[in-house]
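Here is what each chain is made of, one letter per residue.
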Amino acid sequence: MTDTNSMRWRLTGYVLFCVIILVFPYILNNDYLLNKYARYLIFGVLSAALSFSWGYTGILNLGQAVSFGLGSYAMAMALKLRTIPIQTGAGGLPDFMVWNNVKALPWFWEPFHSYTFAVFAGLGIPMLLAFVLGWFMFRGRITGVFVAIITLAMLVVINLVIVDQQKYTGGFNGITDLSTFKAFGVGFDAYSLSTYYLVAGTLCVVLLGGLAITRTKLGLILQAIRDDENRVRYFGYDVASYQNFAFTLSAGVAGFAGMLYTLVMEFASPTFLSVQLSLSIVIWCAVGGRGSLLGAALGAILVTGVQGNLSESPTFLDTWMLIMGAIFIIVVLFLPNGLISLAEKGVRLLKHKSARETATHPVAGAAIATFDSKRVRES
Amino acid sequence: MAMLEMRDVEVSFSGFRAIAGLNLSVNQGELRCLVGPNGAGKTTALDVICGKTRLARGHVRYRDREIGNSEEFRIARLGVGRKFQVPSVFKELTVRENLRVGLCKPHGVFSNLVGRKSGESAERLEALACLVGLADELDHPASWLSHGQTQWLEIALLLAQNADLILMDEPTAGMTGAETHKTAELFNQLKGKHTLMVVEHDMGFVREIGDVISVMHQGRMLAEGAISEIERNPEVKRAYLGSGRISDA
Ligand SMILES: Nc1ncnc2c1ncn2[C@@H]1O[C@H](COP(=O)(O)OP(=O)(O)OP(=O)(O)O)[C@@H](O)[C@H]1O
Ligand SMILES: [Mg+2]
């Protein structure tokens with residue numbers, strides 16, 4: 001199996017998936033369900049972003065939900081300032097501020113009158129935060145489980161601050177009662193086709209763009225770092241910069257997903273940057289296959305989809321968490337490379353078969369067979 | 001002027017002085033063999049040069065530039081390459097991908113994001129794979145390779161890197177006699193264009209490649225000279241006593 005050959009299969013898979021999610025609304029014309037599936041696709045974006053830092057570069061970021069939550073709040077702040085009437089008192093204040101006796105709009109809310117600023121903030125703040133944290137971690141040669149602990153700690157701290165600063169953030173309730181996002185004359189109502197396409201389009205760009213990046217020399221070096229980061233240094237690559245690139249890019253994508261999530265949910269909440277969500281992302285990634293962007297996205301869609309259906313069904317009301325846990329354990333135990341490795345195996349079998357058919361010489365056939373079994377054992 | 005110069009270098013591991021006042025200088029284009037009994041500090045000496053281990057005292061100068069305690073990637077960018085005693089390649093990547101990582105210029109993040117694959121480097125890559133006998137393994141993961149092949153792959157990575165100063169730690173360990181001989185031929189081709197420092201226990205191999213041999217013992221330089229002088233040196237003989245005679249060490 002040559003490299004370009006396997007790449008063709010992979011690209012086919014990615015494009016097929018993109019086509020499916022793009023034609024999906026034609027099959028299913030139901031606003032409520034579209035909104036639900038848009039949510040799952042956003043989780044797909046989030047999970048693919050983690051796969052880039054964890055699966056490709058070996059950085060297990062347990063604080064992925066920080067980026068997601070900050071993106072979500074940036075969008076919610078902008079939309080809150082557009083609600084009419086935005087205030088219950090004078091001065092154009094969001095309702096929860098009035099309830100908390102805030103007299104004037106805080107300075108850091110001011111720029112969110114501009115959508116452009118909000119979009120840049122939703123991307124830029126998570127990226128900046130990741131970059132600064134990454135700079136200290138990766139320059140300090142912090143790796144593996146310590147990265148996980150530090151990112152998790154940061155998540156907990158930021159979550160606490162947001163819940164605590166109720167006056168400015170809406171506290172536990174988050175930011176609710178938002179207006180509808182409008183850009184370029186298009187409204188993005190939570191239940192609209194336009195929002196679904198915004199989300200699905202984002203996932204397509206993230207998957208195909210991400211795949212393109214992993215195919216560059218940079219993508220290769222990231223994988224080399226995952227494999228043996230110390231060895232990479234002796235070739236003259238500044239490992240910390242590469243790690244920080246992956247970490248920061250992943251945070252930006254997660255921040256963007258968070259903005260979309262506000263559109264789809266019509267509110268922002270501290271649960272968007274909860275430990276629980278952060279751990280769920282890791283599970284989606286592991287179930288789908290962290291070594292593949294598409295696998296990770298599919299894992300998220302599948303797990304949240306099954307979870308949604310089970311938890312809504314009266315039969316599984318008490319047991320759905322148990323079932324999810326069991327699925328997770330089974331997949332991780334028996335498919336360490338996730339569900340996507342099943343597809344990879346399928347492709348290999350297909351090729352094995354066609355190779356056998358073309359092999360006229362028995363020895364050549366046997367050689368191919370042993371070659372393939374070696375490969376299967378390898379994965 | 002020497003290309004590499006170590007002066008009074010000291011390295012200690014929590015009090016234990018693995019290198020205690022080492023002096024060594026290597027000229028441009030030279031192939032220097034570094035020998036010595038187990039635990040003499042040979043690996044540690046290479047570690048200091050390539051930035052893996054911090055020195056407590058002393059100087060390491062490379063082309064008149066102080067490199068002691070610099071970051072590894074900066075030293076590598078100056079043209080220092082390193083092969084490790086335990087062969088280290090990227091096990092999950094294919095041989096081809098390994099070599100692409102080895103073809104390390106440019107080093108920067110963004111130039112590697114936007115850079116295109118050049119046909120020239122693809123050719124060089126295949127030529128390298130042929131040179132070390134891995135042409136048939138190009139698309140196999142490095143984890144499939146035998147120990148000897150892994151050694152070869154790491155040597156090929158250093159050739160891809162095209163370092164001016166190549167530090168080799170026991171490159172022939174685990175190789176058959178024929179493979180060792182082939183390695184010796186390769187090293188003889190490399191010297192002149194590159195400067196090599198080779199740590200070896202196999203004296204047959206040293207005899208094939210070495211001009212000047214440096215003998216380390218207990219973190220110091222014990223003797224330096226042509227192989228015949230070294231083998232007659234009574235101090236060297238004494239140093240090797242516990243661990244067998246030098247000629248069959
Ligand atoms: N990281 C470390 N921590 C503590 N001691 C170390 C460390 N690395 C090396 N040493 C000690 O330093 C001394 C020199 O080790 P070094 O690996 O340089 O020897 P060497 O000459 O390469 O030996 P060999 O021929 O066995 O490879 C040894 O006594 C070793 O135990
Ligand atoms: Mg050693």
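Within any chain, residue numbers begin from 1 and follow the written order of that chain's sequence. To read the labels, note that chains go from A and ligands from 1, taken in the order they are written. Only residues with pLDDT of at least 70 get local features here, since the model is predicted, and only at 80 or more are side-chain atom pairs given and counted; chain-wide, interface and lining totals rely on the full set of residues. As a convention, hydrogens and water are excluded, and side-chain values are obtained from all of the structure's heavy atoms.

Residue and element names in this part refer to chain A. Taken as a whole, the second largest pocket holds about 930 Å³ of empty space. Only protein atoms enter the 1 Å grid used here, on which a cavity is any set of points holding a 1.4 Å probe that cannot leave and a pocket is any open set flanked by protein within 12 Å on both sides along at least five of seven lines; residues with an atom within 4 Å of a point are listed as lining. What lines the second largest pocket is a set of 34 residues, and nearest its centre among them are Ser 280, Trp 284, Thr 304, Gln 307 and Trp 320. Counting only elements with at least two residues in the lining of the second largest pocket, the list comes to helix 2 (31-56), helix 11 (275-288), helix 12 (293-312) and helix 13 (320-334). Residue contributions to the lining of the second largest pocket peak at eight residues, all from helix 12. When residue character is reported, Ala, Val, Leu, Ile, Met, Phe, Trp, Tyr, Cys and Pro are called nonpolar, Asp, Glu, Lys and Arg charged, and the others, Gly included, polar. Per-class residue counts for the lining of the second largest pocket are 21 nonpolar, ten polar and three charged. Grid points are joined across faces, edges and corners, and a volume is the space filled by probe spheres set on the points. Numbering goes from the N terminus for both helices and strands, where a helix is a DSSP run of H or I of at least four residues and a strand is a run of E of at least two.

Octahedral metals with six donors have ideal donor angles of 90 or 180 degrees. Tetrahedral metals with four donors have an ideal donor angle of 109.5 degrees. All names here are of chain B. Coordination here is defined by N, O and S atoms within 2.8 Å of the metal (3.2 Å for Na, K and Ca), and since water is not considered, a site can look incomplete. Protein coordination of the magnesium ion (ligand 2) is provided by Thr 43 (OG1) and Gln 85 (OE1), with donor distances spanning 1.8 to 2.2 Å. Here Thr 43 is found in helix 1 (residues 42-50), whereas its partner Gln 85 is found in the loop between strand 6 (80-83) and helix 3 (95-102), with 42 residues between them in sequence. Its relative accessible area of 25% is what places Thr 43 among the partly exposed residues. Summary of the burial criterion: residues with accessible area below 20% of their type's maximum are buried, those above 50% are exposed, and those between are partly exposed, where the area comes from a 1.4 Å probe applied to protein chains only.

This part covers the interface of chain B and chain A. We call two residues contacting when some pair of their heavy atoms lies within 4.5 Å. At the junction of the two partners, chain B supplies 36 residues and chain A supplies 32 residues. Of the roughly 3,200 Å² buried between chain B and chain A on both sides combined, carbon and sulfur atoms contribute 58%. Put simply, buried area is the surface a 1.4 Å probe can reach on two separate parts but cannot reach once they are joined, added for both. Area buried by chain B at its contact with chain A is led by Phe 90, Val 109 and Trp 144 of chain B, which between them contribute 21% of it. In the sections that follow, a salt bridge refers to a side-chain nitrogen of Lys or Arg positioned within 4 Å of a carboxyl oxygen of Asp or Glu. The tally of links between chain B and chain A comes to four salt bridges. Residues Arg 226 of chain A and Glu 92 of chain B are paired through a salt bridge, measuring 3.2 Å at the closest nitrogen-oxygen approach. Breaking the side of chain B that touches chain A down by element, the ones donating at least two residues are helix 2 (72-77), strand 6, helix 3, helix 4 (109-114) and helix 6 (147-161) of chain B. Of the residues that constitute the side of chain B that touches chain A, the class distribution is 17 nonpolar, eight polar and eleven charged.

Residues and elements named next belong to chain B. Annotation comment: domain bounds sourced from an automatic or database domain assignment. Structurally, chain B comprises domain 1 (1-79 + 164-220) and domain 2 (93-163). Inter-centroid distance (C-alpha atoms) of domain 1 to domain 2 is 23 Å. At the junction of the two partners, domain 1 supplies 19 residues and domain 2 supplies 14 residues. Taking both partners together, domain 1 and domain 2 bury about 1,300 Å²; carbon and sulfur atoms supply 67% of that area. The largest share of the area that domain 1 buries against domain 2 comes from Arg 77, Lys 182 and Leu 186, three residues that together contribute 32% of it. Seen at the junction of domain 1 and domain 2, the total is zero salt bridges. Think of a polar contact as two N or O atoms within 3.5 Å of one another; within protein, one of them needs to be a possible hydrogen donor and the other a possible acceptor, and neighboring residues in sequence only count if both atoms come from side chains. Counting across the interface, domain 1 meets domain 2 through two residue pairs in polar contact (both at pLDDT 80 or more). The set of elements that each furnish at least two residues to the side of domain 1 that touches domain 2 consists of helix 2, strand 7 (165-169) and helix 7 (177-190). In terms of residues, the side of domain 1 that touches domain 2 owes the most to one element, helix 7, which gives five residues.

Okay, the nonpolar core next. Phe 68, Leu 203 and Leu 207 of chain A together with Leu 99 and Phe 187 of chain B are the most contacted members of the largest nonpolar core, which has 163 residues in total. Counting residues per element, this core draws most heavily on helix 10 (residues 239-265) of chain A, which supplies 15 residues. The contacts of Phe 187 of chain B, once residues within four sequence positions are left out, are Leu 31, Met 168, Pro 171, Leu 196, Val 198, Phe 205 and Ile 209 of chain B. With 29 residues, the next largest nonpolar core counts Ile 19, Leu 22, Ala 40 and Ile 75 of chain B among its residues. Remark: nonpolar core denotes a set of buried residues (Ala, Val, Leu, Ile, Met, Phe, Trp, Tyr, Cys) joined through side-chain atoms within 4.5 Å.

Let us look at the pairing of strand 7 of chain B. Residues and elements named next belong to chain B. Among the five residues of strand 7, five are classified as buried, and the element is accordingly described as predominantly covered. Side chains Leu 165, Leu 167 and Asp 169 of strand 7 all project onto a buried face; the interleaved residues Ile 166 and Met 168 project onto the opposite face, where all are buried too. In this description, strands pair whenever DSSP reports at least two bridges between them. Pairing geometry for strand 7 and strand 8 (residues 195-199), over five bridges, is parallel. Bridge pairing links Ile 166 to Leu 196 in strand 8. Convention used here: a crossover is right-handed provided that the path from the first strand, over the helix, to the second strand proceeds clockwise when the strands point away from the viewer. Taken together, strand 7, helix 7 and strand 8 form a β-α-β motif whose crossover is right-handed.

Turning our eyes to something else, we now look at the environment of Gly 21 of chain B. Residue and element names in this part refer to chain B. Turning to its location among the elements, Gly 21 is positioned in strand 2 (residues 16-26). Once the C-alpha coordinates of Gly 21 and Met 221 are considered, the two residues, 200 residues apart in sequence, prove to be 8.4 Å apart. If we skip the residues at most four places from it in the chain, Gly 21 touches Asp 8, Val 9, Glu 10, Gly 219 and Arg 220.

All names here are of chain A. Turning to its location among the elements, Ser 179 is positioned in the loop between helix 7 (166-169) and strand 1 (181-183). Within the local environment of Ser 179, its side chain forms a polar contact with the backbone oxygen of Leu 79, the two atoms lying 3.2 Å apart. Beyond its immediate stretch of four places on either side in the chain, Ser 179 contacts Leu 79, Arg 82, Thr 83 and Tyr 115.

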